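Read off the chains here:
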Amino acid sequence: MGRILGLDAKRLRYWERLQLVRPQARWGERFYSFGDLAAARTVQRLTQNRIPAGRVRRAVRMVEQQFGAAPVPVETLRFFPLGRELLVIPPGAARPFNPIRQQWALPFDAGQAPVLHAMKGRTPEELFEMALECETTPELLPQAAENYRRAIELSPQWTEAHINLGVALYQLGRIEEAREEFHSAVRLDPSNGIAQYNLGCVLEEQGEIAEAIVCLERAARAMPSHADVHFNLALAYERNEERQLAREQWMLYLRFAPTGPWADQARARLKQCTPRRKRSAPIPFPRKA
């Protein structure tokens, strides 16, 4: 779905964590419905109009609470930004509702809504969205890292912000700082496969192989179909002289990415760590009686 909408994986994963998009998980894979596609298009339109995804999630949650409804799919709602506020037309309603003020709004032309200028500082969600935008331009990577850091200062328990800051710092060559952010993400959410994977890769790069294997094994359990996890775990096993375990991981990488960018290398490594069978001596011809 990311390719259809032109979304990067981190942004889509963030929306899933906010439950704005709700794919079905089976066999370690995500399966998206047409409703998920419509919901993602809606969130994309709003974020392009400078409405943070976190604000969209709060509006949806408040609609659910105030109308006593079961989880309301985003694609069933109509949204209208009004300055820093977000109005929602709930299913079956004809008028917009302001979930923050808990009141119905007067009918209006959304295209002519007045622009309200707020003096408040940026919210963590706004800073996170700004950082995502900065990441699309390599020259703005330091600014992306700064925005992630500011978001964390306001929301220290935000796992995804720690992960994304760690990635930005790693790309800037600030490896120790990146490692600390990945550690923070793992402490906040030990079940997060991406956090475990990123930390494992840094540990492996720094030569801490036993610790790296622990993280990568946890990542493999959390994301069993993530090919890159198996590739890096195989490398770590090889460095730890565990060739049979490495062989299993090379095979898993090729199962999930048979034409992936590292497939040829995986096949070569698999061939090297596959034990050669000793050739049996030929059975001699029987002698004549």
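Residues take numbers from 1 onward in each chain, read along the sequence in its written order. For a predicted model such as this one, the threshold for reporting local features is a pLDDT of at least 70, and the threshold for listing and counting side-chain atom pairs is 80 or more; totals across whole chains, interfaces and linings nevertheless cover every residue. Where side-chain values are given, they derive from all heavy atoms of the structure, hydrogens and water being excluded.

Enquirer: Just to check I follow, could you spell out the confidence of the model for the protein chain for this structure?
Expert: Interpretation of this model should avoid reading the predicted coordinates in detail wherever pLDDT is low. Each residue carries a pLDDT score, the predictor's own confidence in it, on a scale running from 0 to 100. Confidence in the prediction for the protein chain averages 81 pLDDT; 80% of positions are at 70 or higher. In this model residues 108–119 is a low-confidence stretch, pLDDT under 50, and it forms 12 contacts with partners more than four residues away in sequence or in other chains. Any two residues whose heavy atoms approach within 4.5 Å at even a single point are treated as in contact.

Enquirer: I tried to follow the packing of aromatic side chains on my own but got confused; where do I start?
Expert: Working definition: an aromatic ring pair is given by the centre-to-centre distance plus the angle between the planes. Under the pairing criterion, centres of Phe, Tyr and Trp rings, with the six-membered ring standing for Trp, must be within 6.5 Å; the plane angle then separates stacked pairs below 30 degrees from edge-to-face pairs above 60, leaving the rest tilted. Going through the model one piece at a time under the given rule, you end up with seven aromatic pairs. Taking 4.6 Å as the distance between ring centres and 15 degrees as the angle between the ring planes, the aromatic pair formed by F128 and W158 counts as stacked. Of this pair, F128 sits in helix α5 (residues 124–135) while W158 sits in the loop between α6 (141–154) and α7 (159–171), placing them 30 residues apart in sequence. Here the term buried applies to any residue with accessible area under 20% of the maximum for its type, exposed to any over 50%, and partly exposed to those in between, with areas from a 1.4 Å probe on protein chains only. Its relative accessible area of 1% is what places F128 among the buried residues. W158 gets classed as buried once you look at its relative accessible area, which sits at 12%. An angle of 80 degrees between the planes, with centres 5.1 Å apart, marks the rings of F231 and W250 as edge-to-face. Within this pair, whereas F231 is found in helix α11 (residues 227–239), its partner W250 is found in helix α12 (residues 243–256), the two being separated by 19 residues in sequence. Each of the two residues, F231 as well as W250, counts as buried. An aromatic cluster is present here, built from Y14, F128, Y148 and W158 joined pairwise through their rings. Secondary structure elements follow DSSP: runs of H or I of four or more residues count as helices, runs of E of two or more count as strands, with numbering from the N terminus.

Enquirer: Just checking my understanding: could you explain unusual backbone geometry for this structure?
Expert: A negative phi angle is the norm for most residues apart from glycine, just as the trans form is the norm for most peptide bonds. Although it is not a glycine, Q19 adopts a positive phi angle of roughly 65 degrees. Tracing the chain through its elements places Q19 in the loop between α2 (9–17) and β1 (24–26). Taking relative accessible area as the criterion, Q19 reaches 39% and is therefore assigned partly exposed. You will see that E241, though not glycine, has its phi angle at about 60 degrees, which is positive. As for its placement among the helices and strands, E241 is situated in the loop between α11 and α12. Exposure remark for E241: the relative accessible area of 59% places this residue in the exposed category.

Enquirer: For this particular structure, what's the right way to read the packing of helix α10 (residues 209–222) against α11?
Expert: Each packed pair of helices is defined by two parameters, the angle between the axes and the distance between the axes. Axis definition: a line fitted to C-alpha atoms, over the contacting stretch in the case of helices. Angles run 0 to 180 degrees between N-to-C directions. Following both chains from N to C, one finds α10 and α11 inclined at 150 degrees, their axes separated by 9 Å at the closest point. The angle between the axes of α10 and α11 places the two elements in the roughly antiparallel class. Crossing hand, α10 versus α11: left-handed. Here α10 contributes I209, I213, L216, E217, A219 and A220 to the contact with α11, which in turn contributes V229, H230, N232, L233, A236, Y237 and R239. By the definition adopted for this analysis, an angle is roughly parallel if under 35 degrees, roughly antiparallel if over 145, roughly perpendicular if from 65 to 115, and oblique otherwise. In this scheme the handedness of a crossing depends on how the near helix is turned from the far one: anticlockwise by less than a right angle means left-handed, clockwise means right-handed.

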